[in-house]
Amino acid sequence: MIQRIQSIWLLLASIIILCLLVVPISTVVNENIGYVLYGTGIKEFKNGVETASAINTPLLVITVLAGLLSLVNIFNFRNRTLQKRIAIINIALILGLSFWLFNLTQQIPGGIEHAEINPGLFLPLGNIIFTLLAIRSIGKDEKLIRSAERLR
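Residues numbered from 1 in each chain as written. Predicted model: local features only at pLDDT ≥ 70, side-chain atom pairs only at ≥ 80, totals over all residues. Heavy atoms only, no water.

1. Some details on the pairing of strand β1 (residues 26-30)
Moving on, step 1. For β1 and strand β2 (residues 33-37), the ladder comprises five bridges, and the chain directions are antiparallel. The residue of β2 that forms the bridge with S26 is L37.
Moving on, step 2. Between β1 and β2, which pair antiparallel one after the other, the connecting turn spans two residues, and E31 there sits at a positive phi close to 55°.
Moving on, step 3. Taken together, the three bridges between β1 and strand β5 (residues 115-117) define a ladder with antiparallel strand orientation. Among the inter-strand pairings, T27 is bridged to a residue of β5, identified as E116. (Pairing = 2+ DSSP bridges. Helix = DSSP H or I, 4+ residues; strand = E, 2+ residues; numbered from the N terminus.)

Okay, here's the thing in structure tokens:
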């Protein structure tokens, strides 16, 4: 059923990863020019005013796909093994996204040495934690259903 605890965990995972679209991941200030990395790409600021915005379409698609994958996975409650597999695929996707964001931070002028950590850096970790909690809850449901079938 949709009202299971794993639905809440998957909904929270979806919300958290979609927050990458608006919450900054890292900021690098290099000679009056600031670069801010979002889940959509890199925005450039000069003297506090946005001068350029490089939207990275594949990054945007992967970020939205990771959020939608968690959201759609809520409705797979009838097929728990598929729900578990999709959750594991989502974790792999988030790990790949995190690696990609790390590489993008290194490519910014000034690099990772001068980068300031923003709250968006921890959002993929939160997504992974909530997805792991959902997988654990799916396993508990499996065990409960198997024990109920034995009693029949």
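2. Digging into a nonpolar patch on the surface
Moving on, step 1. Judged by side-chain polarity, L11, I15, L68, L71 and V72 come together as a nonpolar surface patch covering roughly 390 Å² of accessible area.
Moving on, step 2. A per-element tally of the nonpolar patch places helix α2 (residues 57-73) first, with three residues. (Patch = residues over 30% accessible without salt bridge, like charges linked within 9 Å, V, L, I, M, F, W, Y side chains within 5 Å. Areas by Shrake-Rupley, 256 points an atom, 1.4 Å probe, with all protein chains shown as cover. Salt bridge = Lys/Arg side-chain N within 4 Å of Asp/Glu carboxyl O.)

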